[in-house]
There are 2 protein chains.
Amino acid sequence: MSFIAALRQRWQQADTLVCVGLDPEPARFPARFADDADAVFAFCRDIVDATAEYACAFKPQIAHFAALGAEHALTRLIAHIHAAHPGIPVILDSKRGDIGSTAQHYAAEAFDRYRADAVTVNPYLGRDSVQPFLDRADKGVIVLCRTSNPGAGDLQDLLVHGRPLYQQVAQKVAHEWNAHGNCALVVGATWPEQLREVRGIAGDLPFLVPGVGAQGGDVEAVVRNARTADGTGLIVSSSRAILYASSGDDFADAAREAARALRETINRYR
Amino acid sequence: MSFIAALRQRWQQADTLVCVGLDPEPARFPARFADDADAVFAFCRDIVDATAEYACAFKPQIAHFAALGAEHALTRLIAHIHAAHPGIPVILDSKRGDIGSTAQHYAAEAFDRYRADAVTVNPYLGRDSVQPFLDRADKGVIVLCRTSNPGAGDLQDLLVHGRPLYQQVAQKVAHEWNAHGNCALVVGATWPEQLREVRGIAGDLPFLVPGVGAQGGDVEAVVRNARTADGTGLIVSSSRAILYASSGDDFADAAREAARALRETINRYR
C-alpha cells in the first residue's frame, strides 16, 4: 500500500491525526536508561509501543540519531514499527535536498536503507532535486513549505509576483510535482493564517504540521484552518511534549497520555 | 586555525583552487576493489593521497556514504585526511537545514562526530536554522545560493523586488549572516553569469563552485567571472571527473593527472 493510502486508512480506522515525533536526546531520558548501551533504541521503542494506538504516523528525526552515531538504532527502530505496528507509516524527517544524481542516493538512504514510507525534502534546489523521490510513487514526499521556526519568513515570506515564496512552493508541489499523487507539505502550526492560505492552494494534499506542544502552536487554530472537508488532511506532529512528558519511570504512560490528549484536542475541532 | 584561514593559506601555499569531491560509487570502482569489504574507505583514501598535492580542500558528499551505511568509512576517511594531509580542510557536503534545536544536532554531526572543517547548508528555513553552524566561528558555513543543477532556477531565480532569490540569499549571507567571518556560498559553475552577479554582491566571500567536469561548467568563464582581486576566492569542485578518470589499475594516477590538469586550467585564467 502506498504511503498516502496507508495514511488515509490510518486516519479513518484509528480516528487520529497525531504523529509521534521521535527525537531522542539521551540527556532527557529517564534514569533507568542511564547505563543502557542500547538506550536510544530502547527508549524510542518504548515510546512507540506506548503511543501506537493514538498515532497516524511515526516521525523519526534523523539528526538526533546521526549526531549520536546511532544509525543502527534507527534502522532497528523503523523495523520494529513495521513489525509491531503494521499499518502505521513511518516518515523519515531528514529534509534532504541535493542535485539529482545525489538525490538518488538520499532516496536510497530513506527508502531502501531505512525502509521509511515517506521522507521530508527541501525544495530550494528545484524540481529535479526532488524527482528521484517523486519517482517512488508508493512513497510519500513531504516538501517544506512554511516551516515552524521563528526565522522561517527570512526566505519563505519573500514576495514573488505579489505572493510569498511559500505559496509559490505550495502551488508547484500541488499542481506540478504531484503527478504520482504522493506529495504532501510541511506547514508549521505556529502560523495558522498561513495554514489557511496554503490549504486554499493545495486542495486535499496532506499537511505535516510540526510545532504544536513545545513550539507553542495552537491546536484549535491549526485544525480549523487546515483540515480538509472530511475532517482529515493533517499529520499533527508532536515530539518533545510526548517523548519527555515525564522524566520518571512513568515516562511511557505519560507519553501515551500526552498522545491521547492531543488526539482528543484535535478531534474536538475536526 | 579557522576554516577560512586554512583555506586562504592553502590557496596561497599550494597555488591551487581545486577541491576534490569524494562521491564514492562502488559500481564505478576499479576491479581491484571488487572483493574488498573496506572498498569505500580504501578507494577514497587512495584518491585523497594521489590528489592531495593539487587540492585546496576535500569534499566528501555524505549521501554517497549514507546510502551504503558507510558512516564508519567516512569517519576514518576524514581522520586520514587530517592526519596525512594537515592543512587541507575538509568540507562535509550535506546541505543540511532544519529548525534551530535540530540544526544543533546537525552541527554536532558535521563538526564533532565527523570532524569536518566546514559544511554546506540550505538557507530555505532562514537564519535561525543556520545559526548553530554560524556560532562555530572556527568552522566554515557554506550556504547554497545558486546551485548547478538544471532545475536550480525553479525557486532560486524567482524575482523578489526585481532581484532573483539567489541574489537575496547572497546579500543576506554576505552582509547579515557573516558576523563571524566564516561564511561562503555555493554557486554552480554551470551559470557563469550568475557567478559574476553574486561576486558583485558578496565581496571577497569564498565560493564553492561545483559543476565543472561531469556537469559541463566552463572553467575559463568561472574563473574570469568569479575570482577575487587577488586571483583566489574559489573552491572549484570536481568529483566524478577526478574519481573515475580511469576504471583501471591506474585510477589513482589518472585522478592525480585530472586534478593537476584542472589546477593548470584554472591557474591559466586567474
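This text follows the structure it describes.
Computed from a prediction, not measured in an experiment: that's the story for all the values here.

Turning chain A through 180° and shifting it by 0.0 Å along the axis lays it on chain B, with an RMSD of 0.0 Å. Overall, the copies show the geometry of a two-fold rotation axis. Of the C-alpha atoms belonging to chain A, the one lying closest to the rotation axis is found on Val160 of chain A, 2.6 Å away. Of the residues that chain A buries at the interface, 100% are likewise interface residues in chain B, meaning the two copies contact each other through the same surface.

The biggest cluster of nonpolar side chains holds 202 residues, and the ones touching the most others in it are Leu185, Phe207 and Ile235 of chain A together with Leu185, Phe207 and Ile235 of chain B. Top contributing element to this core by residue count: helix 2 (residues 39-51) of chain B, with nine residues. The contact partners of Leu185 of chain A, leaving out residues within four places of it in the chain, are Ile142, Val143, Cys145, Ala170, Val173, Val198, Ala202, Leu205, Pro206, Phe207 and Leu208 of chain A.

Residue and element names in this part refer to chain A. Where helix 2 (residues 39-51) contacts helix 4 (residues 71-84), the two axes come as close as 9 Å, and the packing angle between them is 20°. The angle between the axes of helix 2 and helix 4 places the two elements in the roughly parallel class. For the pair helix 2 and helix 4, the sense of crossing is right-handed. Across the interface between the two elements, Val40, Phe41, Cys44, Arg45, Val48 and Asp49 of helix 2 pack against Ala73, Arg76, Leu77, His80 and Ile81 of helix 4. Here the contact of helix 2 with helix 4 is composed, by residue class, of seven nonpolar, one polar and three charged.

With that settled, the discussion passes to the interface of chain A and chain B. Listed as interface residues are 53 residues of chain A and, on the opposing side, 53 residues of chain B. Three residues, His105, Tyr124 and Leu155 of chain A, lead the burial of chain A against chain B; their summed loss comes to 18% of the area buried on that side. With a shortest N-O distance of 2.8 Å, Arg113 of chain A and Glu71 of chain B are connected by a salt bridge. If you list the elements that add at least two residues to the side of chain A that touches chain B, you get helix 3 (62-66), strand 3 (91-96), helix 5 (100-113), helix 6 (127-134), strand 5 (140-146), helix 7 (153-156), strand 6 (159-160) and helix 8 (165-177) of chain A. Per element, the largest residue contribution to the side of chain A that touches chain B is seven residues, and it comes from helix 5 of chain A. Its residues placed into classes, the side of chain A that touches chain B shows 21 nonpolar, 19 polar and 13 charged.

Turning to the pairing of strand 10 (residues 234-238) of chain A, a few remarks are in order. All names here are of chain A. Here strand 10 lies mainly inside the structure; five of its five residues are buried. By the alternation rule, side chains of strand 10 split into Leu234, Val236 and Ser238 and Ile235 and Ser237, which are all buried. Sheet analysis places strand 1 (residues 18-22) next to strand 10, joined by three bridges and oriented parallel. For Cys19, the partnering residue across the bridge sits in strand 10 and is Ser237. Relative to strand 10, strand 9 (residues 207-209) is paired through three bridges, and the arrangement is parallel.

Bringing the packing of aromatic side chains into the picture now. Residues and elements named next belong to chain A. Within the structure shown, the criterion is met by 14 aromatic pairs over all chains. When the centroid spacing of 6.0 Å and the interplanar angle of 65° are considered together, the rings of Phe29 and Phe33 count as edge-to-face. With a relative accessible area of 10%, Phe29 lands in the buried category. With a relative accessible area of 6%, Phe33 lands in the buried category.

So, on to the pattern of salt bridges. Scanning the entire structure with this criterion turns up 32 salt bridges over all chains. Residue Lys59 of chain A pairs with Asp93 of chain A through a salt bridge whose shortest N-O separation is 2.9 Å. With Lys59 of chain A in strand 2 (residues 57-60) and Asp93 of chain A in strand 3, this pair connects stretches of sequence that are 34 residues apart. For Glu264 of chain A, the salt bridge identified is with Arg260 of chain A, shortest N-O distance 2.7 Å. Of the two residues, Glu264 of chain A and Arg260 of chain A both sit in helix 12 (residues 251-268), four residues apart, roughly one turn of that helix. What makes Glu264 of chain A partly exposed here is its relative accessible area of 42%. Connected through salt bridges with shared partners, the residues Lys59, Asp93 and Lys95 of chain A together with Asp98 of chain B form a single ionic network.

Moving on, we get to the packing of helix 9 (residues 192-202) of chain A against helix 10 (residues 219-226) of chain A. Residues and elements named next belong to chain A. One way to put it is that helix 9 packs onto helix 10 with a least axis distance of 8 Å and a crossing angle of 15°. One element, helix 9, and the other, helix 10, form an angle in the roughly parallel class. Seen from above, helix 9 lies across helix 10 with right-handed handedness. Contacts between helix 9 and helix 10 pair Pro192, Glu193, Leu195, Arg196 and Arg199 from the former with Ala221, Val222, Asn225 and Ala226 from the latter. Counted by class, the contact of helix 9 with helix 10 contains five nonpolar, one polar and three charged residues.

Turning to the sheet that holds strand 2 of chain A, a few remarks are in order. All names here are of chain A. Here we have eight strands laid out as an open sheet, ordered 2-1-10-9-8-5-4-3, and parallel in their pairing. Each edge of the open sheet is held by one strand with a lone partner, namely strand 2 and strand 3. The average angle at which neighbouring strand axes cross in this sheet is 30°, direction not considered. By the bridge criterion, four bridges tie strand 4 (residues 118-121) to strand 5 in an arrangement that is parallel. The residue bridging Val119 from the neighbouring strand is Val141, located in strand 5.

The residue Asp98 of chain A is located in the loop between strand 3 and helix 5 in this model. A distance of 3.0 Å separates polar atoms of two side chains, one belonging to Asp98 of chain A and the other to Lys95 of chain B. Not counting chain neighbours up to four residues away, the residues in contact with Asp98 of chain A comprise Ala103, Tyr106, Leu125 and Ser129 of chain A together with Gln61 and Lys95 of chain B.

Rules used throughout
Residues numbered from 1 in each chain as written. Chains lettered and ligands numbered in written order. Predicted model: local features only at pLDDT ≥ 70, side-chain atom pairs only at ≥ 80, totals over all residues. Heavy atoms only, no water. Least-squares fit on C-alpha atoms with pLDDT ≥ 70 in both. Contact = heavy atoms within 4.5 Å. Core = buried A, V, L, I, M, F, W, Y, C linked by side-chain atoms within 4.5 Å. Buried < 20%, exposed > 50% of the residue type's maximum accessible area, 1.4 Å probe, protein only. Helix = DSSP H or I, 4+ residues; strand = E, 2+ residues; numbered from the N terminus. Axes fitted to C-alpha atoms, helices over the stretch in contact; angles between N-to-C directions. Parallel < 35°, antiparallel > 145°, perpendicular 65-115°, else oblique. Left-handed = near helix turned anticlockwise from the far one by under 90°. Nonpolar A, V, L, I, M, F, W, Y, C, P; charged D, E, K, R; others polar. Buried area = accessible area lost by both parts, 1.4 Å probe. Salt bridge = Lys/Arg side-chain N within 4 Å of Asp/Glu carboxyl O. Pairing = 2+ DSSP bridges. Phe/Tyr/Trp six-rings, centres within 6.5 Å; stacked < 30°, edge-to-face > 60°. Polar contact = N/O pair within 3.5 Å; in protein donor to acceptor, adjacent residues only side chain to side chain.

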